[in-house]
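Observations on chain architecture
Listed below, chain by chain, are the residues.
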Amino acid sequence: MASSNATVPVPPTPASLHIHLDNSLGAAFIGLIVAAILFGVTNIQALMYYQNYGRDPRYMKWAIGFLWLLDALHLALISHVLYFYLVTNFTNLLIITDPTWSLCLHVAVTTVSDFIVRSYYTRRVWMLSKKNWFLTLGCATFTFVTFVSGMGFCIKIFSYTSTLQFTQISWVLYTSLGSGVAADLWVAISLCYFLMKNRTGFKSTDTKISILMVYIINTGLLTSMCAVCCFVSFAVMPHNYIFIGFYFSLSKLYFNSLLATLNARDKLRDSLDKQSHHMGASAYQMPRFVSVGTPSASKQAATSFGTVSASQTSPTHGQFGFMEKEDHALAVNVRTEMDYHTDDTGIDTKSGRLTSVLPL
C-alpha cells in the first residue's frame, strides 16, 4: 500500500519558469495595436493612390494591390497569434513558448513584402543614377541577402517546438535585420547623392531638392529605427517577445513609406510648377559689344554679328550746332543680347513637370 506521505509532483508554473506577461504577450499585444493602426493608415494611402494615380503603369497598380493583400494577410496572421495565446489557451500560460504556425508564417509574409518595397527603391536608384551599376548592385545585394536570410529564418523556426530555440539561429535574424538596415541606408545615401548632383544654383530647384532629401531620409529613418530596435531587443532579450512587438510593425512601416513616396509626387511637382510660373524664367541682360565709329562702320560691324542696330541718318547742322561743315556724327551702337536661364532641371519640356527627381 502506498504511503500516505507521498508527495504529488507540482507542475511548473509561469512564475517558476520566469514568464512575465508584460514583456511577452503584453509586448506582442502592443505590437498588434500599432500594426492595426498602421494598417488603417495603409488603407487611406492606398485609396488616395488609386484615386489620384490612375495614370501609373499597370504593373505598378498591381504591385500596390498585391502589397495591400500581403499587408491584410499579415494583420490577420498576427491577430491569430494573439488570439491563440490569449483566448484559445487562456488558462495555459506555458503555451506562450510554443511558436504557433501563424507566428512562423507571418515572418515569410513580412519578408516578401519588404523585398518588393526594397526592389522598388532599388529600381529608383537605377533610374536616378542613370544606370549606375555599382550603386544599384550594392542596393540589390543587401536586398537579396535580407530576403534569403528572412526566408531561411522562417523555414527553420517551423521545425522548432519552442521560441527559446530561436537563439540557435540568431545569426540568421541578425543578418536579415542588419542587411535590411544597410539596404535602407544605401538607398537613402544613393538618392541623396544624385539629388545633390541635380543642384543647379537656382533657388527654386535647390529648395525642392533639399526638401526631397529630407523627405527621403525621414521616410527611411523610421523603418531603419524599427529594424534597429528589433535587432537590439532580440540581441539583449532573446527570451521575451519585445523584439516580436517591433517586428509586427516592420512590414507596415515599409509599405506606408512606399505609399507616402508615391502619393507625394504630384504635390511636390505642383509646388515646383507653381513656384516656377510665379518666378518665371530668370533673365539676365548682358551687353555683348560696343562699337564706336561712323554709322556705316557700325552697320557693318553689327551685320557681321547678325544684328543691325545702327541708324544711317546723319544729323543736320542745327542739331549739333556745326554751321561751317557737314560731317557724319560719331555713333555709339550697343548690341544687347538676352540670355534666358530657366530653372528646369529635371523638368519634362513637354509637360513641364518634375521628372528626374521623382522617377516612378
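What counts and what doesn't
Residues numbered from 1 in each chain as written. Predicted model: local features only at pLDDT ≥ 70, side-chain atom pairs only at ≥ 80, totals over all residues. Heavy atoms only, no water. Helix = DSSP H or I, 4+ residues; strand = E, 2+ residues; numbered from the N terminus. Buried < 20%, exposed > 50% of the residue type's maximum accessible area, 1.4 Å probe, protein only. Contact = heavy atoms within 4.5 Å. Patch = residues over 30% accessible without salt bridge, like charges linked within 9 Å, V, L, I, M, F, W, Y side chains within 5 Å. Areas by Shrake-Rupley, 256 points an atom, 1.4 Å probe, with all protein chains shown as cover. Salt bridge = Lys/Arg side-chain N within 4 Å of Asp/Glu carboxyl O. Phe/Tyr/Trp six-rings, centres within 6.5 Å; stacked < 30°, edge-to-face > 60°.

1. Some thoughts on the environment of Arg118
Its location among the elements puts Arg118 in helix 3 (residues 101-128). Overall, the relative accessible area of 5% leaves Arg118 in the buried class. Between the C-alpha atoms of Arg118 and Thr143, which are 25 residues apart in sequence, the distance is 6.4 Å. Apart from residues lying up to four places away in sequence, Arg118 is in contact with Thr143, Thr146, Gly180, Ala183, Asp184 and Tyr254.

2. Points about a nonpolar patch on the surface
Residues Phe29, Ile30, Ile33, Val34, Ile37, Val41, Tyr83, Leu86 and Val87 make up a contiguous nonpolar surface patch of roughly 780 Å² in combined accessible area. Sorting the residues of the nonpolar patch by element identifies helix 1 (25-52) and helix 2 (58-88) as the ones contributing at least two each. The element contributing the most residues to the nonpolar patch is helix 1, with six residues. Its location among the elements puts Val87 in helix 2. For Val87, a relative accessible area of 43% gives the class partly exposed.

3. Quick look at the environment of Trp101
In this structure, Trp101 sits in helix 3. Separated by 20 residues in sequence, Trp101 and Val81 have C-alpha atoms that sit 8.4 Å apart. Ignoring anything within four residues of it in the chain, the contact list for Trp101 reads Leu77, His80 and Phe158.

4. Quick notes on the packing of aromatic side chains
What characterises a pair of aromatic rings is the spacing of the ring centres plus the angle enclosed by the ring planes. One pass over the structure, following the stated rule, counts 16 aromatic pairs. Plain terms: the ring middles of Tyr49 and Tyr50 are 5.3 Å apart, the flat faces sit at 75° to each other, and that makes the pair edge-to-face. On the accessibility criterion, Tyr49 (0% relative accessible area) is buried. Arranged with centres 6.4 Å apart and planes meeting at 45°, the rings of Tyr85 and Tyr241 form a pair that is tilted. Of this pair, Tyr85 sits in helix 2 while Tyr241 is found in the loop between helix 6 (203-236) and helix 7 (242-263), placing the two residues 156 residues apart along the sequence. Here Tyr85 falls in the buried class, since its relative accessible area comes to 3%.

5. Observations concerning the side chain of Lys252
Position of Lys252 relative to the elements: it lies in helix 7. Given the relative accessible area of 0%, Lys252 is considered buried. Among all residues touching Lys252, those that are not within four sequence positions of it are Ala35, Leu38, Phe39, Asp71, His74 and Leu75.

Read these as spatial facts, not as claims about activity.
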